[in-house]
There are 2 protein chains.
Amino acid sequence: MGEFELIAQYFTRPTRRAVLGVGDDCALLQMAPGMQLAISTDMLVENRHFFANVDPHTLGHKALAVNLSDLAACGARPLAFTLALALPRADPAWLQPFSQGLLALADEHDCELIGGDTTQGPLNICVTVFGEVPVGQALLRSGARAGDDIYASGTLGDAALALRALQGTLALAPQVLASARQRLEQPTPRVALGLALRGIASACADISDGLLGDLGHILERSGVGATVNTSVAITLLAARAYATGPHGSNGSSFSTEQALQCVLAGGDDYELVFTAPAARRGAVEAAAQGCGAAVTRIGVIETAAGLRLVNERGEPVENRFASFNHFPA
Amino acid sequence: MGEFELIAQYFTRPTRRAVLGVGDDCALLQMAPGMQLAISTDMLVENRHFFANVDPHTLGHKALAVNLSDLAACGARPLAFTLALALPRADPAWLQPFSQGLLALADEHDCELIGGDTTQGPLNICVTVFGEVPVGQALLRSGARAGDDIYASGTLGDAALALRALQGTLALAPQVLASARQRLEQPTPRVALGLALRGIASACADISDGLLGDLGHILERSGVGATVNTSVAITLLAARAYATGPHGSNGSSFSTEQALQCVLAGGDDYELVFTAPAARRGAVEAAAQGCGAAVTRIGVIETAAGLRLVNERGEPVENRFASFNHFPA
């Protein structure tokens, strides 16, 4: 299969919204009046973002999901995406399920593939995604103000827990691993929640590198600090129900410290961390319910710079939770 | 140097045109009324698109140039780009010249870096570029009509000649190699020519995989055929003046057959191949002169499907010139 047959067979579909899709030097998009274009790009590298033996169908899903998650964090509605792909070889047994997983999620969000590039090389998947947001309504990282509540959506830490189990550093019962692994390999971008939070959230980011690290970006861009309640945050780990110390029920075995590490610094969650004025608690709750997403209030924004952790009694907890860094010092 | 310091130091600059640049979940662009967004993405892989020891400054230039070339082919004016980068390590001795080469070309075209991604992995550079073009004025591959002239801009084949010399399959005199190598490593995207050809050219593509292959895309999308004059095309090789058979002047040595291979199928030229009605010859000439670009009429579009080659006497020449294919059958 040649380069152009590969593109034609797996990655070319009629466009519905774009003026021009795959097959020319450029794709063409026409924005609706009053809309701004939101753009994000994420690159996934073998053995860094995924295991070499990962199911290609879930990999196709994840490659787009992590990008849609960035649109969600801005409150942007998905429009289209491009796919640049370096492949060791043109293998239909890989390309077929990869493209199916990718395009199934694309269809779910009415986000169409409009262009890309295919080359020979070590497996590398680079998606650039485009969304629209009404002028001035994008959720930014820079809008958090002292007194705002801090929320996280969904569950946190299960992806990191699955990663550790797959790496052999902790034990999970089969059904717990299956559920956590689903979170690692097929994250759900919170697009509907991001849209519902427009006009309500004061700041928002998606959680890709770890809750505290991504919240840290909000604090930095907003020029504020925060206190996060770790005893609330730890309840966000879905697998927690199965852990009861060194030898938990059903064969799962991880410590409270490991659980907290996963929730606060695990990464790969693709949930949203966002802030909203305390006066908007009802609106936040209604927005979340309206799109079937759970949100949990985990802390508060403060004037004093820095990120403080407290336990259920309000006592300080040492912050020993470093988020993922591709080039650690 | 951590991931975020790396981004801050080398890839973050104030935005002039974008609503929001590097540092949030998404970048934000606002299109001017009446404009469409042109999008293209190209991925460069080490040892595939460039040698591992290539000067990082020229590599930065080329990574953006090959993308700007796609905008040129559509007649779009550059606006902005994103950069996704997989790096084996965060090495300032590489990052500094790479970012300088990249941003120097960006400044030349007033095209700003608005976002990206940085990850650890085998060296891979993925740029996605954004341009604007008035509604309905984009140059497409699909507009060629029987009777149209076929043109190529600039010089062709010298990049491929340099590649062969660097690979040791032919000899070039030092000054010829230096000049050809400049074409390989620092191509000049024909942005001004693409803009000048709006309303004049009937179809256009950039020459990245080889003249005949890229012209073939125009023929396919336009549902037409063509005849190309090889004795005119071969004059487009700038290095030709130095070749005089098996042992050319100044130590250069390549055959007419090798020269023709480089011109017709070499690739990496980043010139434009375009078509225009014969009645617009004066307009084409004026457009080219207006932006200081040479254009050469190399053939004619015909109703009969297929691509035919002829020599200076109009006699058929066998088409044995296959363009680059990343996944040859």
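The rules behind these values
- Residues numbered from 1 in each chain as written.
- Chains lettered and ligands numbered in written order.
- Predicted model: local features only at pLDDT ≥ 70, side-chain atom pairs only at ≥ 80, totals over all residues.
- Heavy atoms only, no water.
- Helix = DSSP H or I, 4+ residues; strand = E, 2+ residues; numbered from the N terminus.
- Contact = heavy atoms within 4.5 Å.
- Lys, Arg positive; Asp, Glu negative; His and termini not counted.
- Charge placed at Lys NZ, Arg CZ, Asp CG, Glu CD.
- Buried < 20%, exposed > 50% of the residue type's maximum accessible area, 1.4 Å probe, protein only.
- Salt bridge = Lys/Arg side-chain N within 4 Å of Asp/Glu carboxyl O.
- Polar contact = N/O pair within 3.5 Å; in protein donor to acceptor, adjacent residues only side chain to side chain.
- Least-squares fit on C-alpha atoms with pLDDT ≥ 70 in both.
- Buried area = accessible area lost by both parts, 1.4 Å probe.
- Pairing = 2+ DSSP bridges.
- Axes fitted to C-alpha atoms, helices over the stretch in contact; angles between N-to-C directions.
- Arc of directions from axis to C-beta.
- 1 Å grid on protein atoms, 1.4 Å probe; cavity = no way out; pocket = protein on both sides within 12 Å on 5 of 7 lines; lining within 4 Å.
- Points joined across faces, edges and corners; volume = space filled by probe spheres on them.
- Phe/Tyr/Trp six-rings, centres within 6.5 Å; stacked < 30°, edge-to-face > 60°.
- Domains from an automatic or database assignment.

## Examining the overall build of chain A
Argument step 1. Regarding its fold elements, chain A presents ten helices and twelve strands.
Argument step 2. The C-alpha extent of chain A, read off along each of the three principal axes, is 65 × 50 × 40 Å.
Argument step 3. Taking the intrachain contacts of chain A between residues at least 6 apart in sequence as the baseline, contacts between residues at least 24 apart amount to 85%.
Argument step 4. Positive and negative side-chain charges in chain A, numbering 22 and 32 respectively, have mean positions lying 7 Å apart.

## Quick word on the side chain of D206 of chain B
Argument step 1. For D206 of chain B, the location among the structural elements is in strand β7 (residues 203–206).
Argument step 2. Among buried charged residues, D206 of chain B stands out as having no salt bridge; its nearest opposite-charge side chain is R141 of chain B, 5.1 Å away.
Argument step 3. Dropping the residues within four chain positions of it, D206 of chain B is found in contact with D25 of chain A together with V66, S69, D70, A73, D214, Y270, E271 and L272 of chain B.

## As for the side chain of D148 of chain B
Residue and element names in this part refer to chain B.
Argument step 1. With respect to the helices, strands and loops of the structure, D148 is situated in the loop between β5 (124–134) and β6 (149–153).
Argument step 2. No salt bridge forms around the buried D148; measuring N to O, its nearest opposite-charge neighbour R145 is 6.7 Å away.
Argument step 3. Reaching out from D148, the side chain makes a polar contact with the side chain of S202 at a distance of 2.6 Å.

## Let's talk about the relation of the copies chain A and chain B
Argument step 1. Aligned on chain B, chain A shows an RMSD of 0.0 Å; the corresponding rotation is 180° and the shift along the axis is 0.0 Å. On the angle and the small slide along the axis, the relation comes out as a two-fold axis.

## Some details on the interface of chain A and chain B
Argument step 1. The interface is formed by 69 residues belonging to chain A together with 69 residues belonging to chain B.
Argument step 2. In this assembly, chain A packs against chain B so that about 5300 Å² is buried in total across both faces, 59% of it on carbon and sulfur atoms.
Argument step 3. When residues of chain A are sorted by the area they lose upon contact with chain B, D25, I39 and F327 of chain A head the list and together hold 15% of the total.
Argument step 4. Here R141 of chain B ties to D24 of chain A by a salt bridge, and the two come within 4.0 Å at their closest N and O atoms.
Argument step 5. Taken together, chain A and chain B are joined by 20 residue pairs in polar contact (both at pLDDT 80 or more).
Argument step 6. Broken down by element, the side of chain A that touches chain B gets its largest block of residues, ten residues, from strand β2 (residues 35–45) of chain A.
Argument step 7. Where strand β1 (residues 27–29) of chain A meets strand β2 (residues 35–45) of chain B, three bridges bridge the pair, whose relative direction is antiparallel. Bridging from a neighbouring strand, L28 of chain A pairs with A38 of chain B of β2 of chain B.

## Here's the deal with the sheet that holds strand β11 (residues 306–310) of chain A
All names here are of chain A.
Argument step 1. Reading across from one edge, β7-β9-β6-β10-β8-β11-β12 is the order of the seven strands in this open sheet, with mixed pairing throughout. Only two strands of the sheet have a single partner each, and these edge strands are β7 (203–206) and β12 (316–317).
Argument step 2. Of the strand pairs in this sheet, strand β6 (residues 149–153) and strand β9 (residues 272–276) are connected by four bridges, and their pairing is antiparallel. Along β9, the bridge assignment pairs A152 with V273.
Argument step 3. Sitting on the sheet, helix α10 (residues 281–290) touches β6, β9 and β10 (295–302), and the angle it makes with β10 is about 145°.

## A word on the sheet that holds β5 of chain B
Argument step 1. Taking strand neighbours across the sheet as the criterion, the five strands line up as β1(A)-β2(B)-β5(B)-β3(B)-β4(B) in an open arrangement whose pairing is mixed. Where the open sheet ends on each side, the last strands, each with one partner, are β1 of chain A together with β4 (112–120) of chain B. Averaged over all pairs of adjacent strands, the angle between their axes in this sheet comes to 20°, without regard to strand direction.
Argument step 2. Relative to β5 of chain B, β2 of chain B is paired through eleven bridges, and the arrangement is antiparallel.

## Overview of helix α1 (residues 3–11) of chain A
Think of an α-helix as 3.6 residues a turn; residues three or four steps apart then line up on the same face.
Residues and elements named next belong to chain A.
Argument step 1. Along α1, the positions that sit buried rather than exposed are E3, L6, I7, Y10 and F11. Projection of α1 onto a plane perpendicular to its axis shows the buried side chains occupying an angular sector of 95°, all on one side.
Argument step 2. Check the buried side of α1 and you find it contacts β3 (77–87), α3 (92–108) and β4 (112–120).

## Some words on the pattern of salt bridges
Residues and elements named next belong to chain A.
Argument step 1. Enumeration over the complete set of coordinates arrives at 30 salt bridges over all chains.
Argument step 2. When the shortest N-O distance is used, the salt bridge between R308 and E302 registers 2.8 Å.
Argument step 3. A network of salt bridges, in which partner residues are shared, links R16, R17, D110 and E112.

## Looking at empty space enclosed by the protein
Argument step 1. Within this structure, the stated rule accounts for one cavity of 30 Å³ or more.
Argument step 2. Contributing to the lining of the largest cavity are P122, L123 and N124 of chain A together with V45, P122, L123 and N124 of chain B.

## Section: the packing of aromatic side chains
Argument step 1. Tallied over the entire structure, the rule returns nine aromatic pairs over all chains.
Argument step 2. Look at Y151 of chain B and F274 of chain B: their rings are 5.0 Å apart centre to centre, the planes differ by 10°, and that puts the pair in the stacked class. Linking Y151 of chain B in strand β6 with F274 of chain B in strand β9 (residues 272–276), this pair joins segments that are 123 residues apart in sequence. For the pair Y151 of chain B and F274 of chain B, one class covers both residues: buried.
Argument step 3. Taken together, the ring pairs connect Y10, F11, W94 and F98 of chain A into an aromatic cluster.

## What about the domain arrangement of chain A?
Residues and elements named next belong to chain A.
Argument step 1. With domains assigned, chain A is organised as domain 1 (3–134) and domain 2 (149–317).
Argument step 2. The interface of domain 1 with domain 2 comprises 20 residues on the first partner and 19 residues on the second.
Argument step 3. Between domain 1 and domain 2, a total of about 1700 Å² is buried, with carbon and sulfur atoms accounting for 62% of that surface.
Argument step 4. On the surface where domain 1 and domain 2 come into contact, there are one salt bridge.
Argument step 5. The partner of K62 in a salt bridge is D268, with the nearest N and O atoms 3.2 Å apart.

## Section: unusual backbone geometry
Argument step 1. In the Ramachandran plot, D268 of chain A falls in the positive-phi region, its phi being about 65° despite a non-glycine side chain.
Argument step 2. Residue placement: D268 of chain A occurs in the loop between α9 (256–265) and β9.
Argument step 3. Even without being a glycine, N47 of chain B presents a positive backbone phi close to 70°.
Argument step 4. We classify N47 of chain B as exposed; its relative accessible area is 59%.

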